[in-house]
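An overview of the molecular structure
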Amino acid sequence: MSTAHTRLTEALRELRARTGLSLAALAERTAYSKSSWERYLNGKILPPRQAVQELCRIANEPPKRLLALWEITESDRSGRGAVPAAPPPGEPRHGTERPQPAGDRRRGPGRVRLLVALASVYTLLAGGTALLLLLPPARDRAADEPLPVSVPYSLSPRCHGAACEGRDPLRLICGVDPDTLATSRTATGAYVELRYSETCGASWARTWGTEVGDRLDITVSGPTHAVRVRDEADADTYVYTSMAAAGPGSTVRACFRPASAGHDPECVTARVGPARSPSPG
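Residues numbered from 1 in each chain as written. Predicted model: local features only at pLDDT ≥ 70, side-chain atom pairs only at ≥ 80, totals over all residues. Heavy atoms only, no water.

Summing up its helical and strand segments, the protein chain has eight helices and nine strands in all. For the protein chain, buried positions account for 52% of its 281 residues. Of all intrachain contacts in the protein chain linking residues separated by at least 6 positions in sequence, the fraction that spans at least 24 positions is 64%. Accessible surface, the protein chain: about 12400 Å² in total, of which carbon and sulfur atoms supply 54%. (Helix = DSSP H or I, 4+ residues; strand = E, 2+ residues; numbered from the N terminus. Buried < 20%, exposed > 50% of the residue type's maximum accessible area, 1.4 Å probe, protein only. Contact = heavy atoms within 4.5 Å. Areas by Shrake-Rupley, 256 points an atom, 1.4 Å probe, with all protein chains shown as cover.)

In C-alpha cells, the structure reads:
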C-alpha cells in the first residue's frame, strides 16, 4: 500500500471513529455495504471518491484534505501522474464543508488551486518526494518512524504523554475522537482550534482558512511546537502542529502569527478539564 493510501486509510478510520457508527450503521447511511467499508477501512482496496465524500459529510469534516490524498493515491495506482481524475457523471464535485464566512476569498476557487498545486508538484518531482511535499505537517517530523507498508485495523493510539511530544497526532492515531478545547477566528479570517486527546495525554492545534506564510505554534509546559503554511495546498486544508504532552489541569496556549503585514499575532488559551470517568461495565 502506498504512503498516500496509508494516510488516507488512517484518516478515514479517524472519521469513522468520530461518528461513533458501526460498519453496519455506516452502510445504512451510505450507498456502500458493510463489507465494502471493512475493505476501505482496512486499506484492502481504494474506496470510491464518492465514499470518501460521504464519510466526510457524515463526520462534518471538510473533504479537501482527504480528497487530495485520494487523488494522489488514485493517480499513483493508475499511472496517470499529474492528470487529476474527473468525477463520474452525476457525482457531486464538492462534499459538505464546515461553513465559512461569506467573504472568505478562498472557498470558491480552492479546489482549482489545489489541483493546480497537485499538477505542479507532480510535474517537478517524482513519486515519494512529491508526496512528502503534499502531506502537511508530517513532512516536518523527521523523528517519526516510517509509515508501515500495511496498516492493521486498529484505532489504538501509538503514544502517550511524553512519548507524543513533538509528534504528528494523525500518524500516531491521537486524532481519534479528540476534545476541542477552544475555537477562535482571527482578524485575517483564519480559524484556530485547540485539541486534546485524553487517551494520548497530549494536545495540539490546527488552523484553516489561512494564507501562505502564516504560522501556528502551541505550548503547554515544555517546548513550543510550530508549523508554517508553506503553499496553496496547505492553505486549502487543515494544518496541524505537532503534539505537546498535556493532562488534566494543563494550560494549553496556541498563537497564530499571520504573514500579512499590519496584523499582530493572536493567541488562544484553554485549560484541560478533569479526566473522564470510565464508562460503567
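Even without a glycine there, the phi angle at N60 is positive, about 55 degrees. Along the polypeptide, N60 turns up in the loop between α4 (49-59) and α5 (64-78). The class for N60 is partly exposed, based on a relative accessible area of 46%.

What follows concerns helix α1 (residues 3-19). In this model α1 runs 25 Å from its N-terminal to its C-terminal C-alpha over 17 residues, within 8% of the 24 Å that 1.5 Å per residue would give. Across the 17 residues of α1, 14 count as buried, placing the element largely inside the fold. (Expected span 1.5 Å × (residues − 1).)

A few words on the sheet that holds strand β8 (residues 251-257). Here we have four strands laid out as an open sheet, ordered β5-β4-β8-β9, and antiparallel in their pairing. With partners counted over all chains shown, the strands left at the sheet margins are β5 (225-228) and β9 (266-271), one partner each. Geometrically, the sheet is characterised by an average inter-axis angle of 15 degrees between neighbouring strands, direction not taken into account. Pairing geometry for strand β4 (residues 215-219) and β8, over five bridges, is antiparallel. Among the inter-strand pairings, T219 is bridged to a residue of β8, identified as R253. (Pairing = 2+ DSSP bridges. Axes fitted to C-alpha atoms, helices over the stretch in contact; angles between N-to-C directions.)

Here we take up the pattern of salt bridges. Tallying each qualifying case throughout the model produces nine salt bridges. Here E193 and R195 are joined by a salt bridge, their closest N and O atoms 3.4 Å apart. We classify E193 as buried; its relative accessible area is 4%. A salt bridge links D217 to R257, with the shortest nitrogen-to-oxygen separation between them at 2.6 Å. Taken together, the residues span a long stretch of sequence, with D217 in strand β4 and R257 in strand β8 at a distance of 40 residues. We classify R257 as partly exposed; its relative accessible area is 26%. (Salt bridge = Lys/Arg side-chain N within 4 Å of Asp/Glu carboxyl O.)

Our focus in this paragraph is the state of the cysteines. Tallying each qualifying case throughout the model produces three disulfides. The disulfide bridge from C159 ends at C164, spanning 2.0 Å between sulfur atoms. For the disulfide bridge between C159 and C164, the dihedral angle about the S-S bond is near 105 degrees, and by the sign convention the bridge is right-handed. For C159, a relative accessible area of 9% corresponds to the buried category. Taken N- to C-terminal, the disulfide-bonded cysteines of the protein chain are connected 1-2, 3-4, 5-6. (Disulfide = S-S within 2.5 Å.)

A word on the confidence of the model for the protein chain. Predicted confidence across the protein chain gives a mean pLDDT of 76, with 70% of residues reaching 70 or more. When mean pLDDT is compared element by element in the protein chain, β8 scores highest at 98, while helix α7 (residues 127-134) scores lowest at 38. Here residues 80-154 scores under 50 on pLDDT; set against residues more than four positions off or in separate chains, the count is 143 contacts. (pLDDT = per-residue confidence, 0-100.)

All right, on to the packing of aromatic side chains then. Counted according to the given criterion, the structure contains four aromatic pairs. Between the aromatic rings of Y32 and Y40, the centroid separation amounts to 6.1 Å while the plane-to-plane angle is 70 degrees, which identifies the pairing as edge-to-face. Since its relative accessible area comes to 16%, Y32 is described here as buried. Here the aromatic cluster, defined as three or more aromatic residues joined through ring pairs, consists of Y32, W37 and Y40. (Phe/Tyr/Trp six-rings, centres within 6.5 Å; stacked < 30°, edge-to-face > 60°.)

So, on to the pairing of β5. The two faces of β5 differ: H225 and V227 on one face are buried, but A226 and R228 on the other face are not. Here β4 pairs with β5 via four bridges, running antiparallel. Bridge pairing links R215 to R228 in β5. What sits between β4 and β5 in their antiparallel hairpin is a turn of five residues.

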